[in-house]
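Coordinate inspection notes
Okay, here's what each chain looks like letter by letter:
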Amino acid sequence: MGDIYGVNKADRERVTADLLKRFSLEDAFDKRISGYSHGMKQKIAIIGSLIHSPELWILDEPMMGLDPPSAFALKELMKQYKSEGKTVFFSTHVLEVAEKLCDRVAIIGKAS
């Protein structure tokens, strides 16, 4: 993913090391993704989406499948991105999460 986004090797290694530690994936880093659980795949997708430090981060049910420590780490990352002036846009069925993390909330009442 870092190559796709043109992230230089030093930045890629620094960001990857930080995110692998946050999500407790250091030991799984060199293993095949096909053997990962749903939660581990979710963490890898999150890491891949952050490797280039995007200004806009769009997530669909990002806590789904995450263990509690990883969900906490993700919420902390979302807060950090917000504090850096970046935008985090995500969907959730858990109103409490939206209330704690969001500046603005939209509720879809009926899909047409």
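Preceding this paragraph is the structure being described.
What comes next is a walk through the structure. Here the structure is a predicted model, which means the values were calculated and not measured. Within any chain, residue numbers begin from 1 and follow the written order of that chain's sequence. In view of the model being predicted, local features appear only for residues whose pLDDT reaches at least 70, and side-chain atom pairs are presented and counted only at 80 or more, with totals across whole chains, interfaces and linings using the full set of residues. In computing side-chain values, all of the structure's heavy atoms are included and hydrogens and water are not.

1. Focus on the overall build of the protein
By the criteria applied, helices consist of DSSP H or I runs no shorter than four residues and strands consist of E runs no shorter than two, each listed in order from the N terminus. Each helix and strand counted, the protein has four helices and two strands in total. Along its sequence from the N terminus, the protein presents helices and strands in the succession α-α-β-α-β-α. Note on definitions: a residue-residue contact is assigned when non-hydrogen atoms from the two residues lie within 4.5 Å. Pairs at least 24 apart in sequence give 53% of the contacts found in the protein among residues at least 6 apart. With the model as given, the accessible surface of the protein reaches about 7900 Å², and the carbon-plus-sulfur share is 56%. Throughout, the Shrake-Rupley method with a 1.4 Å probe supplies accessible areas, and for residues the shown protein chains are the sole cover considered.

2. Notes on the nonpolar core
Of all hydrophobic cores here, the largest spans 24 residues; its most connected members are Phe23, Ile46, Leu50, Trp57, Met63, Leu74 and Met78. Residue assignment for this core shows that the elements contributing at least two residues are helix H1 (9-22), helix H2 (38-50), strand E1 (56-60), helix H3 (68-83) and helix H4 (95-101). At six residues, H3 tops the list of elements feeding residues into this core. Non-local contacts of Met63, meaning those with residues more than four positions away in its chain, are made with Gln42, Ala71, Leu74, Lys75, Met78, Val97 and Leu101. What makes a nonpolar core is a set of buried Ala, Val, Leu, Ile, Met, Phe, Trp, Tyr and Cys residues whose side-chain atoms join them at distances within 4.5 Å. Partly exposed residues are those whose accessible area sits between 20% and 50% of the maximum for their type, while under 20% is buried and over 50% is exposed, using a 1.4 Å probe and protein chains only.

3. Section: unusual backbone geometry
One non-glycine residue, Ser53, lies in positive phi territory at about 50°. For Ser53, the location among the structural elements is in the loop between H2 and E1. Positive phi, normally seen in glycine, also occurs at Glu61, with a value near 50°.

4. Regarding the pattern of salt bridges
Here, a salt bridge means any side-chain nitrogen of Lys or Arg that lies within 4 Å of a carboxyl oxygen of Asp or Glu. One pass over the full model with this rule turns up nine salt bridges. Between Arg22 and Asp18 there is a salt bridge; the shortest N-O distance is 3.1 Å. A residue pair is termed a helical-turn pair when its members lie 3 or 4 positions apart in one helix, as Arg22 and Asp18 do in helix H1 at four residues. Under the relative-accessibility criterion, Arg22 is labelled partly exposed at 30%.

Interpretation in functional terms is not warranted from these geometric data alone.
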